[in-house]
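Report on the structure
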Protein chains: 2
Amino acid sequence: MAHFADRLAEAVEAKGNPCCVGLDPLLEAIPAPLRDEAAGPLPLTCEAAANVLRAFSCAAIDVVAPKVPAVKVQAAFYERFGPPGYQAYVDTVAHAKRRGLIVIADVKRGDIGSTSAAYAEAHLGGTTVDGAELFDLGADACTINPYFGEDGIEPFVRQAVRRDRGVFVLVRTTNPGADRVQNLSCKGVPFFMRIGALVHEWGRQHVGRSGYSCVGAVVAGTQPIDAEKLRRLMPQAYFLVPGFGAQGAGPAEVVRAFDARGRGALVSASRSVLFAHARAPYDRQFGPTHWREAVALATDAMVAQVRAAIG
Amino acid sequence: MAHFADRLAEAVEAKGNPCCVGLDPLLEAIPAPLRDEAAGPLPLTCEAAANVLRAFSCAAIDVVAPKVPAVKVQAAFYERFGPPGYQAYVDTVAHAKRRGLIVIADVKRGDIGSTSAAYAEAHLGGTTVDGAELFDLGADACTINPYFGEDGIEPFVRQAVRRDRGVFVLVRTTNPGADRVQNLSCKGVPFFMRIGALVHEWGRQHVGRSGYSCVGAVVAGTQPIDAEKLRRLMPQAYFLVPGFGAQGAGPAEVVRAFDARGRGALVSASRSVLFAHARAPYDRQFGPTHWREAVALATDAMVAQVRAAIG
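Here the residue numbering is sequential within each chain, running from 1 through the sequence in written order. Lettering for chains starts from A, numbering for ligands starts from 1, and both go in the order in which the items are written. Totals for whole chains, interfaces and linings use every residue, but because this is a predicted model, local features are given only for residues with pLDDT of at least 70 and side-chain atom pairs only at 80 or more, for both listing and counting.

1. Details of the overall build of chain A
- Secondary structure assignment for chain A yields 14 helices and 12 strands.
- Radius of gyration: C-alpha atoms only; globule rule: 2.2 Å multiplied by the number of residues to the exponent 0.38. For chain A, the C-alpha radius of gyration of 19 Å lies close to 19 Å, the compact-globule estimate for 311 residues.
- Its C-alpha atoms give chain A principal-axis dimensions of roughly 55 × 50 × 40 Å.
- Out of the 311 residues belonging to chain A, those deemed buried represent 62%.
- Residues are scored as being in contact if the C-beta atoms we place from backbone atoms lie within 7 Å. Contacts in chain A between residues at least 24 apart in sequence constitute 73% of all its contacts with a sequence separation of at least 6. Labels follow the DSSP assignment, with helices taken as runs of H or I lasting at least four residues and strands as runs of E lasting at least two, numbered in each case from the N terminus. Put simply, a residue is buried when 20 or more other C-beta atoms lie within 10 Å of its own C-beta and exposed when 12 or fewer do; between those, it is partly exposed, and each C-beta is set from the backbone.

Here it is as structure tokens:
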């Protein structure tokens, strides 16, 4: 395999857009016809719920795979159904890989070093015992949390470098309450800029031919001014930019996360694409039966908007 | 059920000590005789590895259950073996509950609100669809990460309040690299103290009869001066104090996390107890065959040291 950032850049070029569809399969929002068929007879069990998540995720992947370079799989919506849900998470990642996509495991893990090493094996592949590899999720990258600092991050970076995978470290998140933590002023500099400087430091030795590192950053699309500052601070970090659509970021906002050549960022939309059949403007034209068509149109619309914005 | 902090305080009183054994079952450190027997014929698979984790975790729980009020189950060491490992995590929590222990799911999850709600269902129980509960891990509490701020924390707190469970929010961690993040000066106050103030605010409306909240804090035993400051800042937060033993905190350090009456903290040791058979002073007397005796003695020693320190 090649360097993660190079593979991502190539996938973006091949598909002609830097868009990512987020798989956040909230069971309750999954279209009823698919849900009822995949669940089988009531009462609903964890196994049946996992079957629904698997069927929906794989079907959505099939719709978006020809259109975008990457998907992001949100582990939480699978984990809530216990071990069967966890199996559906693994199966979803495997299906997306079979369809040729770059897959980001959105797990936001982080711990002290020895524990982060175990999480890195779990989500960046390569659980190895006595020289034999027992497990590889197959994801190309995962999201991680910087609260523990460098030695909590290092095992993920080491695993990424060793296996040509990537990490996206949380820097600036999309949620409204983030400011009271991430925007605390640390000697005149917002806390998230301090974290950004650390991420830059952690990643600058691991830059690929594309000019980007396998140590990337999660940078909210909803905070364009901050994204611009972070872009300058971290010129070699690929940005994963969530928040497009349902969370309020539009093309004019997310464009700030890109470099001058329109590269270096991957814009992600989850609910606005995945559940487009239940949202304006698609809800009138489509309904739960034709949800695939709504996903396809919403993906096309996102791709067109982002392409127009980055020029 | 009663309020989480009250149940924890009662369990501490019933056992006569505020100690917690951390189940961090690194497969490679598990005594060979148990490992070989539980794994069955080679080659080792994820299913076999999960059987080893389950057998070892349950056996360790059986040893410590009469001695301590609580165990902490570290999800990462199970997750690295994929879905079978995740099943062993669930089974370990269930076994500890059957043995009457307070169980802390050490998962350090955290995300934007809608995603945190899914994680809260996954680890604080109560995945409910159409009014029916499909999954309850059964843990009494879980650890969470504050990077997202209040709206990332709130779904966990809500679930904890609703189901008489608890959360421990990361405030000050034990690892050497934590300082460059957690000790950043924010207008003259260390970042971790800012987080501590937020945790106090999030928890003060949820205080039980014991005087403690179901919103607790992870406070490193290895940072006694910080623990003392945080104790004053957060008088109603139960502290989960990791780092006793292998990570370097002794009785003189962890005692700073307790209130004036010797209450309000739970001291946790993982490797120094779990793998005592391979560590001084127990490695000479015991070996891999008699690891249970080593766990028992190491637990007794920890209990005696912590009791003596808090008086």
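Moving on, there is more to tell.
2. Comments concerning the sheet that holds strand 12 (residues 265–269) of chain A
Residue and element names in this part refer to chain A.
- Strand pairing follows a simple DSSP-based rule, namely that at least 2 bridges must link the two strands. Taken together, eight strands build a closed barrel; the order of strands is 1-2-3-6-7-10-11-12 and the barrel is parallel. Ignoring strand direction, the axes of neighbouring strands in this sheet form an average angle of 30°.
- Here strand 2 (residues 70–74) pairs with strand 3 (residues 102–109) via five bridges, running parallel. The residue of strand 3 that forms the bridge with Ala70 is Ile102. Each axis is a line fitted through C-alpha atoms, taken for helices only over the stretch in contact, and angles between the N-to-C directions span 0 to 180 degrees.

3. Here we look at the packing of helix 2 (residues 32–39) of chain A against helix 3 (residues 46–64) of chain A
All names here are of chain A.
- Helix 3 packs onto helix 2 with a crossing angle of 130° between their chain directions and a minimal axis gap of 8 Å. The pairing of helix 2 with helix 3 is recorded here as oblique in orientation. Here helix 2 runs over helix 3; the crossing is right-handed. For the pair helix 2 and helix 3, the contacting residues are Leu34, Arg35, Ala38 and Ala39 in the first and Ala48, Asn51, Val52, Ala55, Phe56 and Ala59 in the second.
- Asp, Glu, Lys and Arg are counted as charged, while Ala, Val, Leu, Ile, Met, Phe, Trp, Tyr, Cys and Pro are counted as nonpolar; the rest, among them Gly, fall into the polar class. The residue makeup of the contact of helix 2 with helix 3, split by class, is eight nonpolar, one polar and one charged. In this scheme, roughly parallel covers angles under 35 degrees and roughly antiparallel covers those over 145, while 65 to 115 is roughly perpendicular and the rest are oblique. Crossings are sorted by hand: turned counterclockwise from the far helix by less than a right angle, the near helix makes the crossing left-handed, and turned clockwise it makes it right-handed.

4. Brief notes about the interface of chain A and chain B
- Tallying the contact residues gives 58 residues for chain A and 59 residues for chain B.
- With six residues, the single largest contributor to the side of chain A that touches chain B is helix 6 (residues 113–124) of chain A.
- Class assignment of the residues belonging to the side of chain A that touches chain B gives a composition of 30 nonpolar, 16 polar and 12 charged.

5. Section: the pairing of strand 3 (residues 102–109) of chain B
Residues and elements named next belong to chain B.
- Burial runs high along strand 3: eight of the eight residues are buried.
- Here strand 3 shows no split at all, with Ile102, Ile104, Asp106 and Lys108 on one side and Val103, Ala105, Val107 and Arg109 on the other all buried.
- In this structure, strand 3 lies alongside strand 6 (residues 141–144), joined through three bridges in parallel fashion. What sits directly across from Ala105, in strand 6, is Cys142.

6. So, the sheet that holds strand 12 (residues 265–269) of chain B
Residue and element names in this part refer to chain B.
- Here eight strands make up a closed barrel; going around it, the order is 1-2-3-6-7-10-11-12 and the pairing parallel. Taken pair by pair, the neighbouring strands of this sheet meet at an average axis angle of 30°, ignoring direction.
- Judged from the three bridges that link them, strand 1 (residues 19–23) and strand 12 form a sheet pairing that is parallel. Across the sheet, the residue bridging to Cys20 is Ser268, located in strand 12.
- Lying on the sheet, helix 1 (residues 4–15) is in contact with strand 2 (70–74), strand 3, strand 6, strand 7 (166–172) and strand 12; it crosses strand 3 at an angle near 130°.

7. Observations concerning the nonpolar core
- A set of buried Ala, Val, Leu, Ile, Met, Phe, Trp, Tyr and Cys residues, joined to one another through C-beta atoms within 7 Å, is what we call a nonpolar core. In terms of nonpolar packing, the biggest core is built from 232 residues, with A:Val71, A:Val169, A:Ala217, B:Val71, B:Val169 and B:Ala217 touching the most fellow members.
- With residues near it in sequence (within four places) discarded, B:Ala217 still touches B:Phe168, B:Val169, B:Val171, B:Gly196, B:Val199, B:Leu230, B:Met234, B:Ala237 and B:Phe239.

8. Comments concerning the packing of helix 6 of chain A against helix 7 (residues 150–163) of chain A
Residues and elements named next belong to chain A.
- With their axes 8 Å apart at the nearest point, helix 6 and helix 7 run at an angle of 35° to one another. Two packed elements cross with a definite hand, and for helix 6 against helix 7 that hand is right-handed. Residues Gly113, Ser116, Ala117, Ala120, Glu121 and Leu124 of helix 6 lie in contact with helix 7, whose contacting residues are Asp151, Gly152, Glu154, Pro155, Phe156, Gln159, Ala160 and Arg163.
- When grouped by side-chain class, the residues that make up the contact of helix 6 with helix 7 number six nonpolar, four polar and four charged.

9. A look at the environment of A:Pro83
- When you line up the elements, A:Pro83 lands in helix 5 (residues 82–98).
- Along the primary structure A:Pro83 and A:Thr222 are separated by 139 residues, whereas in three dimensions their C-alpha atoms are 34 Å apart.
- Not counting residues up to four positions away in its chain, the partners in contact with A:Pro83 are B:Pro83, B:Tyr86, B:Gln87 and B:Val90.

10. Side note on the confidence of the model for chain A
- pLDDT is a residue-level measure of predictor confidence that goes from 0 to 100. Residues with a pLDDT of 70 or more make up 100% of chain A, whose mean pLDDT is 96.
- With a pTM of 0.98, the predicted complex shows an ipTM of 0.98.

11. A word on the relation of the copies chain A and chain B
- Take chain A, turn it by 180°, move it 0.0 Å along the axis, and it overlays chain B with an RMSD of 0.0 Å. Here the symmetry operator amounts to a two-fold rotation axis. Considering only C-alpha atoms, the part of chain A nearest the rotation axis is A:Cys186, at 2.0 Å.
- Most of the interface of chain A is mirrored in chain B: 100% of its interface residues are interface residues there too. Here the copies are superposed with least squares, the fitted atoms being C-alpha atoms of residues at a pLDDT of at least 70 in both.

12. Comments concerning the pairing of strand 7 of chain B
Residues and elements named next belong to chain B.
- In terms of burial, strand 7 is largely enclosed, as seven of its seven residues are buried.
- Of the strand pairs in this sheet, strand 6 and strand 7 are connected by four bridges, and their pairing is parallel. In the sheet register, Ile144 faces strand 7, and the bridge partner there is Val169.
- Taken together, strand 6, helix 7 (residues 150–163) and strand 7 constitute a β-α-β crossover, and its handedness is right-handed.
- Relative to strand 10 (residues 215–219), strand 7 runs parallel, the two sharing five bridges. Residue pairing across strands places Val169 opposite Ala217, the latter belonging to strand 10. A crossover counts as right-handed when, viewed with the strands pointing away from the observer, the path leading from the first strand over the helix to the second turns clockwise.

13. Some details on helix 10 (residues 224–233) of chain A
Residues and elements named next belong to chain A.
- Those residues of helix 10 that fall on the buried side of the exposure criterion are Asp226, Ala227, Leu230 and Arg231. All buried residues of helix 10 lie within an arc of 140° about the axis, which places them on one face of the element. Within helix 10, the exposed residues directed more than 90 degrees away from the buried face are Ile225 and Arg232.
- If you follow the buried residues of helix 10, they end up packed against strand 7 (166–172), helix 9 (191–203) and strand 10 (215–219). Here, the arc refers to the directions that run from the helix axis to the C-beta atoms.

14. Some words on helix 5 (residues 82–98) of chain B
Residue and element names in this part refer to chain B.
- With 17 residues, helix 5 should reach 24 Å at 1.5 Å per residue; the first-to-last C-alpha distance of 25 Å fits that figure.
- When you tally the buried positions in helix 5, you get 13 out of 17 residues, the bulk of the element.
- Downstream of helix 5 by one or two residues, Gly100 has phi in the positive range, about 80°. Here, expected helix span is obtained from the residue count minus one, scaled by 1.5 Å.

15. Let's talk about unusual backbone geometry
All names here are of chain A.
- In this chain, Leu42 is followed by Pro43 through a cis amide linkage whose omega measures 0°.
- Along the polypeptide, Pro43 turns up in the loop between helix 2 and helix 3.
- A positive phi angle is found at Lys108, which is not glycine, with a value near 50°.
- Within the fold, Lys108 resides in strand 3.
- Overall, the presence of 29 C-beta atoms within 10 Å leaves Lys108 in the buried class.
- Its identity is not glycine, yet Asp130 carries a phi of approximately 50°, on the positive side.
- Using a count of 10 C-beta atoms within 10 Å as the deciding quantity, one classes Asp130 as exposed.

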